[in-house]
Amino acid sequence: MLFLVRYSEVFLKSEPVRRRWENTLIRNIKKVLECRVRRERGRIWVITEDENAREKLRKVFGIVSFSECVHCKLHELERAVLDFCRKIGIDKAKSFAVRVKRVGEHDFTSQQKAAELGALILRNFPHLKVDLENPEKTIYVEIRGEDCYIFGEIVKGAGGIPLGVEGKLVSLFSGGIDSPVATWMMMKRGCEVIPVYFDCSPFTDESTLRRAKEVAEVLKEYWPDFELRVVEHGEFLRKVKDVLKEMRLESYTCVLCKRRMLRVAEAIAREEGAKGLVTGESLGQVASQTLDNLMVLDDACDLPTYRPLIGLDKLEIEEMARRIGTFDVSTKPATECKAVPKKPTTKAKLEKVLEIEEKLEPV
Ligand code: ATP
Ligand code: MG
């Protein structure tokens, strides 16, 4: 099979950056698909035997769209177009259009060639009508010098930019609906993300951990190196609960819990050379995601924390999760954290938090 792969934002860059981005894109394609790759300015050709190539290419960030195509030489174009028409079952269609694009020196224009091929198809399939507005079948022909590529479909890719070109981030990955979407968004923008799950057992159980692992498997299809790390967090939570009970400040549990998560994630980021953290927070979504609380969370570490969902509504996030493929796994039954107090604070005060943390052993 031969695929024509299109990418876009790579064009906006200077020559060396473009080169690096293209190399990264090709490396990423080869990581998920056994294939040979050829490149030409603005285009990549992928040659593969893999039957699942379409599904795999759809998940490579940086690909705007792709088409499975047939290659032929210019002098064979007529025959190849008719063969292609038969292959896509044009005899069952009522209308069609031919669209031609051309690169190089030729003694015809794209429009002339399109008209010529259209007439040829009409002669061979007289029941058809030309419909340039809304054709049932479209035959695309791309002519590059003496080489022609024929295809009938433009499949939308994942978009974004090649994963890795922006460097690394560490994600706080719970496996719920939000953090996988946030993680995916940063991957889409070129970041290699290391997902970290904080295991809160005994306040959660293995169902929560299992869910996180399963969601990570879904994102692994976008990036084979996506490996979930699990950090023990329950012991810390237990201590926090004891101290807060004594101070009658149980409402601060979630804020302290998140601050420790951010600190541990930051330590991992520094070890890994990652440049920031990612969380699935969205402003006002749950009681604890307020500007006051986020301010207190940001104080916990020095690296920037990216929150790509901050301005999205729950429904928008759910729709994205469905599209990405994480929704069904993220909504599997899993135990909610039992350490969450009845009334988590929405107005955490930093001085209070620091006072509480004085009483906890440093983490
Ligand atoms: P999500 O849908 O991502 O679970 P949420 O709506 O349940 O988020 P919170 O529980 O307030 O919201 O968590 C906010 C963010 O903190 C999450 O999006 C995630 O990035 C991080 N987080 C929460 N719990 C964990 C955990 N057990 N392990 C790793 N990260 C976590
Ligand atoms: Mg959650």
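Everything numeric in this text was worked out from a predicted model, so none of it was measured.

A. Structural view of the overall build of the chain. Check the secondary structure of the chain and you find 12 helices and 14 strands. Relative to its length of 363 residues, the chain is extended, with a C-alpha radius of gyration of 27 Å against a globular reference of 21 Å. With the principal axes as the frame, the chain shows a C-alpha extent of 90 × 40 × 35 Å. Put simply, of all contacts in the chain between residues at least 6 apart along the chain, 80% involve residues at least 24 apart. Element-wise, carbon and sulfur atoms account for 50% of the exposed surface of the chain, whose accessible area totals about 18,300 Å². Each charge sign in the chain was given a centre, from 63 positive and 59 negative side chains, and these centres are 2 Å apart.

B. Region of the structure containing the nonpolar core. Counting 37 residues, the largest nonpolar core has Val 170, Tyr 252, Leu 256 and Ile 356 as the members making the most contacts within it. Elements with a contribution of two residues or more to this core: strand 10 (167-172), strand 11 (191-199), helix 7 (234-247), helix 8 (253-272), helix 9 (291-298) and helix 12 (350-359). The element contributing the most residues to this core is helix 8, with nine residues. Within the second largest apolar cluster, 28 residues are counted, among which are Ala 158, Leu 163, Met 186 and Phe 226.

C. A look at the environment of Leu 297. Considering the arrangement of structural elements, one finds Leu 297 in helix 9. C-alpha separation for the pair Leu 297 and Ile 150, spaced 147 residues apart in sequence, amounts to 54 Å. In this structure Leu 297 touches Val 255, Lys 258, Arg 259, Leu 262, Glu 281 and Arg 307, once residues within four positions along its chain are discounted.

D. Main features of the side chain of Thr 290. Mapped onto the elements of the fold, Thr 290 is located in the loop between strand 13 (277-278) and helix 9. The exposure class assigned to Thr 290 is buried, which follows from its relative accessible area of 18%. Apart from residues no more than four positions distant in its own chain, Thr 290 is found in contact with Leu 283 and Thr 346.

E. Structural context of the packing of aromatic side chains. Taken as a whole and assessed by the stated rule, the structure comprises seven aromatic pairs. Between the aromatic rings of Phe 61 and Trp 184, the centroid separation amounts to 5.6 Å while the plane-to-plane angle is 70°, which identifies the pairing as edge-to-face. One end of the pair, Phe 61, is in the loop between helix 2 (53-57) and strand 4 (65-73); the other, Trp 184, is in helix 5 (residues 178-188), with 123 residues separating them in the sequence. Overall, the relative accessible area of 1% leaves Phe 61 in the buried class. When its relative accessible area of 7% is taken as the criterion, Trp 184 is described as buried.

F. The pairing of strand 5 (residues 95-103), seen in detail. Direction of pairing for strand 5 relative to strand 6 (residues 129-130): parallel, over a ladder of two bridges. Bridging across to strand 6, Ser 95 finds its partner in Lys 129. As defined by bridge partners, strand 5 adjoins strand 7 (residues 137-144) across eight bridges and the pair is classed as parallel. Bridge assignment links Val 98 to a residue of strand 7, and that residue is Ile 139.

G. Fine view of the pairing of strand 8 (residues 147-151). Burial within strand 8 is extensive, with four of its five residues counted as buried. As defined by bridge partners, strand 4 adjoins strand 8 across four bridges and the pair is classed as antiparallel. Looking at strand 8, one finds that Cys 72 is bridged to Cys 148. As paired strands, strand 7 and strand 8 are joined by five bridges and run antiparallel to one another. Within strand 8, the position partnered with Arg 144 by the bridge is Asp 147. Between the end of strand 7 and the start of strand 8, which pair antiparallel, lie two residues, with Gly 145 showing a positive phi angle near 60°.

H. Representation of the domain arrangement of the chain in the model. Domain annotation for the chain reports domain 1 (2-156) and domain 2 (168-360). Contact with domain 1, which involves seven residues of that partner, is made by nine residues of domain 2. When domain 1 packs against domain 2, the two sides together hide about 820 Å² of surface, and 63% of this comes from carbon and sulfur. Where domain 1 touches domain 2, the interface holds two salt bridges. We note a salt bridge from Asp 225 to Lys 31, for which the minimum N-O separation is 3.0 Å. Taken together, the links from domain 1 to domain 2 amount to two residue pairs in polar contact (both at pLDDT 80 or more). Per-class residue counts for the side of domain 1 that touches domain 2 are two nonpolar, one polar and four charged.

I. Examining the side chain of Arg 43 more closely. Mapped onto the elements of the fold, Arg 43 is located in strand 3 (residues 43-47). For Arg 43, a relative accessible area of 12% puts it in the buried group. Polar contacts involving the side chain of Arg 43 include one to the side chain of Glu 142, which spans 3.0 Å. Every residue in contact with Arg 43, bar those within four places of it in the chain, is listed here: Leu 4, Val 5, Arg 6, Tyr 7, Arg 38, Lys 101, Glu 142 and Arg 144.

J. Local environment of the pattern of salt bridges. All chains considered together, the criterion is met by 27 salt bridges. Between Glu 214 and Lys 332 there is a salt bridge; the shortest N-O distance is 2.6 Å. With Glu 214 in helix 6 (residues 206-220) and Lys 332 in the loop between helix 11 (327-330) and helix 12, this residue pair connects regions lying 118 residues apart in the sequence. Overall, Glu 214 belongs to the partly exposed group, its relative accessible area being 27%. For Arg 259, the salt bridge goes to Asp 299, with nearest N and O atoms at 2.9 Å. Note that Arg 259 is positioned in helix 8 and Asp 299 in the loop between helix 9 and strand 14 (305-306), a separation of 40 residues in sequence. When salt bridges that share partners are traced, they join Glu 15, Arg 18, Glu 22 and Arg 39 into one network.

Parameters at a glance
- Residues numbered from 1 in each chain as written.
- Chains lettered and ligands numbered in written order.
- Predicted model: local features only at pLDDT ≥ 70, side-chain atom pairs only at ≥ 80, totals over all residues.
- Heavy atoms only, no water.
- Helix = DSSP H or I, 4+ residues; strand = E, 2+ residues; numbered from the N terminus.
- Rg over C-alpha atoms; globule rule 2.2 N^0.38 Å.
- Contact = heavy atoms within 4.5 Å.
- Areas by Shrake-Rupley, 256 points an atom, 1.4 Å probe, with all protein chains shown as cover.
- Lys, Arg positive; Asp, Glu negative; His and termini not counted.
- Charge placed at Lys NZ, Arg CZ, Asp CG, Glu CD.
- Core = buried A, V, L, I, M, F, W, Y, C linked by side-chain atoms within 4.5 Å.
- Buried < 20%, exposed > 50% of the residue type's maximum accessible area, 1.4 Å probe, protein only.
- Phe/Tyr/Trp six-rings, centres within 6.5 Å; stacked < 30°, edge-to-face > 60°.
- Pairing = 2+ DSSP bridges.
- Domains from an automatic or database assignment.
- Buried area = accessible area lost by both parts, 1.4 Å probe.
- Salt bridge = Lys/Arg side-chain N within 4 Å of Asp/Glu carboxyl O.
- Polar contact = N/O pair within 3.5 Å; in protein donor to acceptor, adjacent residues only side chain to side chain.
- Nonpolar A, V, L, I, M, F, W, Y, C, P; charged D, E, K, R; others polar.

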